[in-house]
Amino acid sequence: MPADRRPRVLSGAQPTADSYHLGNYFGAFRQWVELQDEFDAFYFIPDMHAITVEYSPTDLRERTYIAAAQMLAAGVDPARSALFVQSHVPEHAQLAWVLGGVTGFGEASRMTQFKDKSSKGGAESSSVGLFTYPILMAADILIYQADQVPVGEDQRQHLELARNLAQRFNHRFGETFKVPEAYIVKETAKIYDLQDPTVKMSGSAASHNGVVNLTDDRKKAAKKVKSAVTDSGDEVRFDEKEKPGVSNLLVIYSALTKRTIADIEREYVGQQYGAFKVALSELVADFVGPFGERTRELLDDRAELDRILKAGAEQARAVAAQTLELVYERSGFVRPT
């Protein structure tokens, strides 16, 4: 790595829902904001990944703007990070094609996400794009010579593929790619569904009542918390096995206040669930209320969003184009004169 640059980090979040939720914020966005101080940060909206399953073009376009607005509302700073849309940087797709040439079919077949997503409708009805999704993800990472990539357990296999492809290409064609490392964040809050605390909070949940969206109004957010599933007994105590519902609420309370769970437990000794849930509902409402207002303000100025995304794409392409040119040269492509 040149001595004149900071280590580089890259991450993205798909625009597949009308809003991100509390789990996205505490599991990803809050870390993104903190990483801006330490890293040369590239954050993107993977709209090309979003078309690997059935989708609505109208929804995708609107959700891409919503994603950008919510990332900005979360604290991603265009002055300190490149914030851009994946399809605005064609080098992602160009590199993915080259990487496809060094990826084994069996290797791609072992990716668990394809197995999971194709299991619903069967492999025959799944797109080739869904199958090659991990190769495009590898290109997303390698095109920026990223040093570290924040990943959850569900994406760790994809990062391993990116590492393997980088090493394989380097071995065959000469040192070209930085081999990325997983960025292990200090403990992050894992937020579970309020109605089913055995599964992670997800925008694709069957019931929206268990998902607190970052654009929920104060009243709706508070109602969801007050209606959250709790457990037998009435003691506010963290025990993921015996009391998953209350434990999940304690994690959310801790994440919002940055207080330890033990400290919160002490505050509610001798109090029942009702008082605890009312207090938490107010905390959640106080968080998502202003967040939603900021998001809507940003969405009201599409020209400014376009300006930010264009500037981010230009910053991203300045790096991506250099990597692609090197890859093309190493691959033996005749370069235009």
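We now turn to the structure provided with this report. Numbering of residues starts from 1 in every chain and runs along the sequence as written. Local features in this predicted model are restricted to residues whose pLDDT is 70 or higher, and side-chain atom pairs enter the listing and the counts only when it is 80 or higher, whereas totals over whole chains, interfaces and linings include all residues. Calculated side-chain values reflect all of the structure's heavy atoms, with hydrogen atoms and water omitted.

Brief notes about the overall build of the protein
Only runs of H or I of at least four residues qualify as helices and only runs of E of at least two qualify as strands under DSSP, and these elements are numbered from the N terminus. Counting its secondary structure elements, the protein contains 12 helices and five strands. Computed over its C-alpha atoms, the radius of gyration of the protein comes to 21 Å, within 12% of the 20 Å expected for a compact globule of 337 residues. Taken along the three principal axes of its C-alpha coordinates, the protein extends 75 × 40 × 40 Å. Each residue's exposure class comes from its accessible area (1.4 Å probe, protein chains only) as a fraction of the maximum for that residue type: buried when under 20%, exposed when over 50%, partly exposed otherwise. For the protein, the proportion of its 337 residues judged to be buried stands at 47%. By the convention used here, residues are in contact when the closest approach between their heavy atoms is within 4.5 Å. Within the protein, counting contacts between residues at least 6 apart in sequence, those at least 24 apart form 74% of the total. Here the protein has roughly 16600 Å² of accessible surface; of this, 51% comes from carbon and sulfur atoms. The quantity called the radius of gyration is restricted to C-alpha atoms. Its globule counterpart is 2.2 Å times the number of residues to the power 0.38. Here the accessible surface of atoms and residues is derived via Shrake-Rupley with a 1.4 Å probe, and residues count as covered only by protein chains that are part of the display.

Side note on the environment of Glu62
As for its placement among the helices and strands, Glu62 is situated in helix α2 (residues 57-74). Judged by relative accessible area, Glu62 falls into the partly exposed class, the value being 32%. For the pair Glu62 and Asp18, spaced 44 residues apart in sequence, the C-alpha separation works out to 8.1 Å.

Regarding helix α6 (residues 128-142)
Over its 15 residues, α6 extends 21 Å from the first C-alpha to the last, a length consistent with the 21 Å expected when each residue adds 1.5 Å. The seven residues ending at a residue and the seven starting there each receive a fitted axis; the angle between those axes is the bend at that residue. By the largest-angle criterion, Pro134 marks the main kink of α6, which is about 40 degrees. Of all 15 residues making up α6, 12 are buried, and the element is well covered by its neighbours. Within the sequence span of α6, burial applies to Leu130, Phe131, Tyr133, Pro134, Ile135, Leu136, Met137, Ala138, Ala139, Asp140, Ile141 and Leu142. Given a helix with a known number of residues, its expected span is that number minus one, times 1.5 Å.

Considering the packing of aromatic side chains
Between 30 and 60 degrees the pair is tilted, below 30 it is stacked and above 60 it is edge-to-face, where a pair is any two Phe, Tyr or Trp rings, Trp via its six-membered ring, whose centres lie within 6.5 Å. Per the stated rule, a full pass over the model turns up 19 aromatic pairs. Residues Tyr25 and Phe291 carry aromatic rings whose centres are separated by 6.2 Å and whose planes lie at 80 degrees to one another, so their mutual orientation is edge-to-face. Of the two residues, Tyr25 sits in helix α1 (residues 22-35) while Phe291 sits in helix α11 (residues 273-299), which places them 266 residues apart along the sequence. The same class applies to Tyr25 as to Phe291, namely buried. On the numbers, 5.2 Å between centres and 75 degrees between planes, the contact of Tyr268 with Phe276 is edge-to-face. Residues Tyr268 and Phe276 agree in their burial class; the two are buried. These aromatic residues form a ring-pair network of at least three members: Tyr20, Phe29, Trp32 and Tyr43.

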